[in-house]
Amino acid sequence: MTAFDEHGKAGKDPGQWKSRLVAARPVLITLALVLAALFATGALSLFQALGAYAVVLAVVLVGRGSTVATREVLLSPERNRTRTSDPLVDAVVAGLPDPVIVLDRNSRVVAFNAKASAIAPALNRGEPASLALRVPEVVEAIRTASASGKPRHVEFSERVPVERWFDVHIIPVDIAGDVRTAQASLMLITFHDLTPLRRVEEMRADFVANASHELRTPLAALSGFIDTLQGPARDDVAARERFMGIMKEQASRMARLIDDLLSLSRIELNAHVRPQAPVDLVAVVRQVADALQVMAADRHVTIAIQASVDRLIVPGDRDELTRVFENLIENALKYGAAGKRVDITLDRRESADGRDEAVIVVRDYGQGIAVEHLPRLTERFYRIDVGQSRAEGGTGLGLALVKHIINRHRGRLTLESTLGSGAAFTVRLHI
Ligand code: ADP
């Protein structure tokens, strides 16, 4: 490694001179032969030949023009300016996946990659990093890391234009290997984007809060009715019958919720394993529609199934796929009852990538879904009208389950809707 004194000059390290001599050996030998020949032929005097050789030798030892020399300039002690950068450092920094900035010992920018300029667009070579990195914690950490030569680690967040979190490591790199000063030759600043991790943490916290809230509501109703039955309504037979009915409904709502939560976590746990048992979707859809006939009749809705094939076999998990069509058809009956009709079509088609796929559409002609809700509809507990969902016995987890099951089957769920004209949910599964 090249040695530098505290002024950044090449030191008197014999190892360093030796390595330069070794690197320049072919040039020096050729030159010696050429000069000897010129001296022998009388073209040059001994003095001229030795003089020329001495000049070239001096250039080699000072090392101008080499990568090593470039690094010397990079580490230059000239306190006010970083004149150039090292192509090697540039190439390494450009290839790193995270935003990276390299500073010199005066905290001036030496190199940075495109990812770094995306988060700090004002970055400029040769300028103090503090001009581009306006976060006080980061600027202070750079200062202390530079002064102490010890690595620093800070986290910061920015709110504009979107909320983002970063983990910043400032690593002093002592290329010079100089033990006489604590100050580092270069400082490597890496930024790690924590935003996806934080979002998942937030989602988990929201999920727990939502699940607890959903469970607490029926629980509060249940304990309220128990108090009433133990107190004022103790001897009121009619009230007891009515309250018992409500309590049963609330208890089954809690059971449904727990059931959906457990199903979701089981599906998530197995998300990486694609189910492979052969499942006939025509049979599944017919069976689900039959089971929902009573509900359809209650709402005066007709379920019509049109299958272009007798059997539509896909690799999958029969129970999970049954759950998908139960949820979609039930939703069509609950939220699309006004349309009086639910159409289900089953087809075998060629997908965009040339493979055969099963395409199942569940279409209703009811209230439809406003466009702003479409992207969020498969989020857990997302409901357009919480009151309506609760009144229908919904948990807000149905479409989240549908999405997770279809993802596990490596299929696709798409949704089209026009407010007031119904909704169509399309499931595509590879055959
Ligand atoms: P829920 O248990 O509330 O039915 P889902 O996840 O199945 O939960 O559905 C989420 C929300 O999507 C529902 O509350 C409802 O507002 C809306 N939704 C689902 N299907 C339809 C549909 N066919 N027509 C209109 N709105 C729908």
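Here's a quick rundown of the structure.

Reading the values: rules and limits
- Chains are numbered independently. Their residues run from 1 in the order of the written sequence.
- The model is predicted, so local features are restricted to residues of pLDDT at least 70 and side-chain atom pairs to those at 80 or more, both for listing and for counting; the totals for chains, interfaces and linings are taken over all residues.
- Hydrogens are left out, water is left out, and the side-chain values use all remaining heavy atoms of the structure.
- For helices the rule is a DSSP run of H or I covering at least 4 residues; for strands it is a run of E covering at least 2, with both sets numbered from the N terminus onward.
- Residue exposure (1.4 Å probe, protein chains only): buried if accessible area is under 20% of the type maximum, exposed if over 50%, otherwise partly exposed.
- Here a residue-residue contact requires only that any non-hydrogen atoms of the pair lie within 4.5 Å.
- Accessible areas in this description were obtained via Shrake-Rupley with a 1.4 Å probe; residue shielding takes into account the shown protein chains only.
- Pairing between strands is defined by DSSP: at least two bridges between the two strands are required.
- With axes taken as lines fitted to C-alpha atoms, and helix axes fitted only over the stretch in contact, angles between N-to-C directions fall between 0 and 180 degrees.
- Salt bridge, as used here: a side-chain nitrogen of Lys or Arg that lies within 4 Å of a carboxyl oxygen of Asp or Glu.
- By convention in these notes, a residue is near a molecule or strand provided one of its non-hydrogen atoms lies within 4 Å of it.
- Definition of a polar contact: a pair of N or O atoms within 3.5 Å, with one able to donate and the other able to accept a hydrogen when the atoms are protein atoms, and with sequence-neighbouring residues admitted only if both atoms are side-chain atoms.
- Grid points spaced at 1 Å and placed over the protein atoms alone form the basis of the search, with a cavity being a set where a 1.4 Å probe fits but cannot get out and a pocket an open set showing protein on both sides within 12 Å along at least five of seven lines. Lining residues have an atom within 4 Å of a point.
- Grid points are joined across faces, edges and corners, and a volume is the space filled by probe spheres set on the points.
- Think of a nonpolar core as a cluster: buried Ala, Val, Leu, Ile, Met, Phe, Trp, Tyr and Cys residues, connected wherever their side-chain atoms sit within 4.5 Å.

Observations regarding the overall build of the protein chain
Regarding its fold elements, the protein chain presents 15 helices and twelve strands. Within the protein chain, the proportion of its 431 residues that are buried is 39%. Considering only intrachain contacts with a sequence separation of at least 6, the fraction spanning at least 24 residues in the protein chain is 61%. Just so you have it, the protein chain exposes about 23,800 Å², and 58% of that area is on carbon and sulfur atoms.

Digging into the sheet that holds strand S3 (residues 152-158)
The strand order across the open sheet formed by five strands is S2-S1-S5-S4-S3, and the pairing between neighbours is antiparallel. Looking at the sheet topology across the chains shown, the edges are occupied by strand S2 (109-112) and S3. Within this sheet the neighbouring strands show an average axis-to-axis angle of 20°, counted without direction. Summarising the sheet, strand S1 (residues 100-104) and strand S5 (residues 186-193) pair through five bridges and their orientation is antiparallel.

Comments concerning the sheet that holds strand S9 (residues 341-350)
The strand order S7-S9-S10-S12-S11 describes an open sheet built from five strands, whose pairing is mixed. Each edge of the open sheet carries a strand with a single partner, namely strand S7 (302-307) and strand S11 (412-417). Here the average twist between neighbouring strands, direction ignored, is 15°. Looking at chain direction, strand S10 (residues 356-364) and strand S12 (residues 423-430) are connected through seven bridges and run antiparallel. Directly across from Arg363, in S12, lies its bridge partner Ala424.

Notes on the pattern of salt bridges
Applying the stated criterion to the full structure yields 19 salt bridges. For Glu214, the salt bridge identified is with Arg390, shortest N-O distance 3.2 Å. With Glu214 in helix H9 (residues 195-230) and Arg390 in helix H14 (residues 386-391), this residue pair connects regions lying 176 residues apart in the sequence. Exposure remark for Arg390: the relative accessible area of 25% places this residue in the partly exposed category. Residues Glu379 and Arg376 are paired through a salt bridge, measuring 2.8 Å at the closest nitrogen-oxygen approach. What emerges from the salt-bridge pattern is a single network uniting Glu214, Arg253, Arg383 and Arg390.

Quick look at unusual backbone geometry
One non-glycine residue, Lys340, adopts positive backbone phi at about 65°. Within the fold, Lys340 resides in the loop between helix H13 (318-335) and S9.

Let's talk about the site of the ligand
Surrounding the ligand, one finds 18 residues, the nearest of these being Tyr335, Ser389, Thr395, Gly396 and Leu399. Asn331 is positioned with one of its side-chain polar atoms (N or O) 2.9 Å from an oxygen atom of the ligand. Note that an oxygen atom of the ligand is positioned 3.2 Å from one of the backbone N or O atoms of Gly398. Those elements giving two or more residues to the shell around the ligand turn out to be H13 and helix H15 (398-408). Tallying contributions element by element places H13 first for the shell around the ligand, with three residues.

Comments concerning the layout of surface pockets
Empty space within the largest pocket amounts to approximately 660 Å³. Around the largest pocket, the lining comprises 38 residues; the ones closest to its centre are Asn331, Lys334, Tyr335, Gly394 and Gly398. Of all the elements in the fold, those that place two or more residues in the lining of the largest pocket are helix H10 (237-269), H13, H14, H15 and S12. No other element matches H13, which puts eight residues into the lining of the largest pocket.

Observations regarding the nonpolar core
Core analysis: the largest hydrophobic core is formed by 47 residues, its most contacted members being Leu281, Phe325, Ile329, Leu333 and Ile344. Listing elements by their share of this core, those giving two or more residues are H10, helix H11 (281-291), helix H12 (293-298), H13, S9, S10, H15 and S12. With seven residues, the top contributor of residues to this core is H13. Non-local contacts of Ile344, meaning those with residues more than four positions away in its chain, are made with Val285, Ile303, Ala304, Ile305, Gln306, Ile329, Ile360, Val361 and Val362. Core analysis: the next-biggest nonpolar cluster, separate from the first, contains 22 residues, Val109, Ile119, Ala120 and Phe166 among them.

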